[in-house]
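Here is how the chains run, residue by residue.
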Amino acid sequence: MGNTKEAEVTTRRRPVPQTVTEKYADVTLHLIEDHGDEFGPLTPEKEKLLRRKLYRHIMILISAINIILFIDKSTLGYAAILGLFEETGITKDEYNNLNTFFYVGYLAAQWPGHYLLQKLPFGRFVASIIFLWAVIIFLHCVATRYAGLVVLRLALGAVEAVIVPAMEITIGMFFNREEQAFLQPIFWVTCQGAPIVAGFISYGLLWSKSSVLPWKLFMITTGGLTLLLAIWAWFSYPNNPAEARFLTLEEKVQVIQRVHGSSQSSIEQKQFKKAQFVETLKDPVSWLFALQAFTLMYSNNLTYGQQNLLTTSLGVSSLGSTLVAAAGGGFGVVLCIVAAIALKWHPRNFAVHGLIWCIPAVAGGIGMVAIPWDRKLALLTCLLLAGHTYGVTYIIALGWTTSSAAGYTKKLTRNVMFMLGYSVGNLVSPQIWVPDAAPRYYGAWISMIVVSWVGTPAILFIIHFILARRNAERRIWIAEFSEEEREAGRVEQCDEDGQVVTKNVDTAMLDLTDLENKFFIYPL
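For clarity, every value in this text was computed on a predicted model and none was experimentally measured. (Residues numbered from 1 in each chain as written. Predicted model: local features only at pLDDT ≥ 70, side-chain atom pairs only at ≥ 80, totals over all residues. Heavy atoms only, no water.)

Colleague: Is there a simple way to explain the overall build of the chain in this structure?
Modeller: Within the chain one finds 23 helices and 3 strands. Over its C-alpha trace the chain gives a radius of gyration of 24 Å, about what one expects of a compact globule, namely 24 Å for 524 residues. In terms of overall dimensions, the chain has a C-alpha envelope of 75 × 45 × 45 Å along the principal axes. The long-range fraction of contacts in the chain, counting pairs at least 24 apart against all pairs at least 6 apart in sequence, stands at 81%. Approximately 20600 Å² of the chain is accessible, and the part contributed by carbon and sulfur atoms is 65%. Averaged over its 43 positive side-chain charges, the chain has a centre that lies 7 Å from the centre of its 41 negative ones. (Helix = DSSP H or I, 4+ residues; strand = E, 2+ residues; numbered from the N terminus. Rg over C-alpha atoms; globule rule 2.2 N^0.38 Å. Contact = heavy atoms within 4.5 Å. Areas by Shrake-Rupley, 256 points an atom, 1.4 Å probe, with all protein chains shown as cover. Lys, Arg positive; Asp, Glu negative; His and termini not counted. Charge placed at Lys NZ, Arg CZ, Asp CG, Glu CD.)

Right, dumping it as structure tokens:
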């Protein structure tokens, strides 16, 4: 009865009612069974109020987590202009290695982190991760040698490894597909806005007269903010809609039904399913998403490791470079807002959206290679253009990675594969900035143009082609069946007498993968 009944396949001519045991069904099953028919349909007015409540309780919290996450990721970049080199005596090569070591920890923690994310209470696990990374940020203050910084960068990468996938999963738990596409850029405004906050903090610290060096004060400030965030998350981060304390019983039912109806996929499932794991590895789309994560992140050290150093190499002072970073962050925020509006008006063709936001990066990269070095303002403009536009493509691809998969174990496994590609890209990224090639770094710029800003959109179009072909086949197949047949699903449960009984449920409750559930239509 166990694994053998995780999912029964559909036939070509008629969908066989698919059956799973209760253990392998969606965690929201009992709440919907007990209360799913108690409330009337969700009116447009109630849905609007519900969305606003979700924005207040979910989007504000995860946006706060995201902005602190990206401030903490960039602490080393700001420390570089706040006295890190002077106190620790590290070289430029060692600095690049520290950026790489962060992603060694990030890479190593992906699979164990995702496994714990599935097995442990979701919200408490996220809060615990935030607390641990606050502690590690604080510990940077006592590291005055290269070896100590290596250990701390490894540890910081490890504890931050699954926080982005966790927040993406949370968005998928509470919002339908249309809302997810629109909310992704809004959510990632905080990522682009992180340099604004970090830039002004570092600008203020450069005026400090304290005996403690500014780079350590920067760590103390960001560590303190992270600790406060951990406390907030401990009390407010929900496990799933069925356990969200800020929702009424009616609202829980409505959120679950909206998500199930939109995605035809489960919300959460605590059992690791080997069949879904194997399917993910066999699905070429999973590997393509992982590959594009690598190609795009190949350029990521430009923004989070090199930008401040490149700015000062153009003759801008350390004080001025912090303001340039803040201006770049403001530019990134504007771009995310524009992207959100574009996705609201044109919620399809993710590959096209991804291409559009890589084109300015290509232009900026060409400018950095071709413009004479004495044209400082033009080079600075190209630097900001290259460093703050391709991030929108990352945002779109990250959301698409999760929304195009069904089955909780498959989603987690695909997230692991995406983040592995992300990690390897970020491992390589600092190493392309060879000190001997300074200040022009022709090889770095040309390779980023080819690999990241041309290669990534090409991969996204291949993904689009594969998923569009699957959708075309499924729509022809689905058209043959009635609405009742399309909702065929059954769960085996034990009643009060210990007898196994079978109950009819919506297919979304079965936690099937997108390949098992032929009624799943891929977002494009």
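That shown, we press on.
Colleague: Quick question: what am I supposed to make of the packing of aromatic side chains here?
Modeller: Geometry of an aromatic ring pair is reported as the spacing of the ring centres plus the angle between the planes. Summed over all chains, the structure comprises 21 aromatic pairs. Here the aromatic rings of Tyr-106 and Tyr-422 are separated by 5.4 Å at their centres, their planes lie at 35°, and the arrangement is tilted. Of this pair, Tyr-106 sits in helix 5 (residues 92-108) while Tyr-422 sits in helix 21 (residues 408-428), and the two are 316 residues apart along the sequence. Aromatic pair Tyr-390 and Trp-453: ring centres 5.9 Å apart, planes at 35°, arrangement tilted. Taken as a pair, Tyr-390 in the loop between helix 19 (376-387) and helix 20 (391-403) and Trp-453 in helix 22 (residues 442-478) lie far apart in primary sequence, 63 residues in all. For the pair shown, Tyr-390 and Trp-453 are each scored as buried. Among the aromatic residues, those joined into a cluster by ring pairs are Phe-102, Tyr-103, Tyr-106, Tyr-394, Phe-418 and Tyr-422. One cation-aromatic arrangement involves Arg-124 over Trp-234; the distance from NZ or CZ to the ring centre is 4.2 Å. Across from the ring centre of Phe-520, 4.8 Å away, lies the NZ or CZ of Arg-177, which sits over that ring. (Phe/Tyr/Trp six-rings, centres within 6.5 Å; stacked < 30°, edge-to-face > 60°. Buried < 20%, exposed > 50% of the residue type's maximum accessible area, 1.4 Å probe, protein only. Lys NZ or Arg CZ within 6 Å of the ring centre and 35° of its normal.)

Colleague: How should I be thinking about the side chain of Gln-269 in this particular structure?
Modeller: Locating Gln-269 in the fold gives a position in the loop between helix 13 (249-263) and helix 14 (274-282). Here Gln-269 falls in the buried class, since its relative accessible area comes to 2%. A distance of 2.8 Å separates a polar atom in the side chain of Gln-269 from the backbone nitrogen of Gln-271. Residues contacting Gln-269, with those up to four places away along its chain left out, are Lys-23, Tyr-24, Ala-25, Val-27, Gln-118, Tyr-408 and Asp-511. (Polar contact = N/O pair within 3.5 Å; in protein donor to acceptor, adjacent residues only side chain to side chain.)

Colleague: When you look at the environment of Gln-184 in this model, what are you seeing that I'm missing?
Modeller: Within the secondary structure, Gln-184 sits in helix 10 (residues 177-187). Sequence-wise, Gln-184 and Ala-340 are 156 residues apart; in three dimensions their C-alpha atoms are separated by 7.5 Å. Gln-184 has contacts with Glu-168, Ile-171, Ile-395 and Gly-399, leaving out every residue within four places of it along the chain.

Colleague: Looking at this structure, how should I read the pattern of salt bridges?
Modeller: Evaluation of the coordinates by the stated rule reveals 13 salt bridges. With its nearest N and O atoms 2.3 Å apart, the salt bridge here joins Glu-179 to Arg-258. On the criterion of sequence distance, the pair formed by Glu-179 in helix 10 and Arg-258 in helix 13 is long-range, its members being 79 residues apart. In this structure Glu-179 comes out as buried when scored by relative accessible area, which is 7%. We note a salt bridge from Lys-410 to Glu-279, for which the minimum N-O separation is 2.9 Å. In this pair, Lys-410 is assigned in helix 21 and Glu-279 in helix 14, connecting sequence segments 131 residues apart. You can call Glu-279 buried: its relative accessible area is 13%. A cluster of three or more residues bridged by salt bridges with shared partners is formed by Glu-279, Asp-283, Lys-410, Arg-414, Arg-470 and Asp-514. (Salt bridge = Lys/Arg side-chain N within 4 Å of Asp/Glu carboxyl O.)

Colleague: Would you take a moment to explain the nonpolar core for this structure?
Modeller: When a protein is soluble and globular, its nonpolar side chains tend to lie buried together. The biggest cluster of nonpolar side chains holds 150 residues, and the ones touching the most others in it are Ile-65, Trp-133, Phe-174, Tyr-394, Trp-445 and Trp-453. Ranked by the residues each element gives to this core, the list is headed by helix 2 (residues 44-73), at 11 residues. In contact with Trp-133, other than residues within four places in its own chain, are Ile-65, Ile-68, Leu-69, Asp-72, Leu-156, Val-159, Glu-160, Ile-163 and Thr-226. (Core = buried A, V, L, I, M, F, W, Y, C linked by side-chain atoms within 4.5 Å.)

Colleague: Quick question: what am I supposed to make of the confidence of the model for the chain here?
Modeller: Should the pLDDT be low somewhere, the predicted coordinates at that spot are not to be read in detail. With 92% of its residues at a pLDDT of 70 or more, the chain shows a mean pLDDT of 85. A low-confidence stretch, residues 1-13 stays under pLDDT 50, and its non-local contacts, those more than four residues away or across chains, total 40 contacts. (pLDDT = per-residue confidence, 0-100.)

Colleague: Can you help me understand helix 10 in this one?
Modeller: The buried fraction of helix 10 amounts to 8 of the 11 residues, a majority that puts the element mostly inside the structure. Where helix 10 begins, the side chain of Asn-176 points an oxygen toward the backbone nitrogen of Glu-178, at a separation of 3.3 Å.

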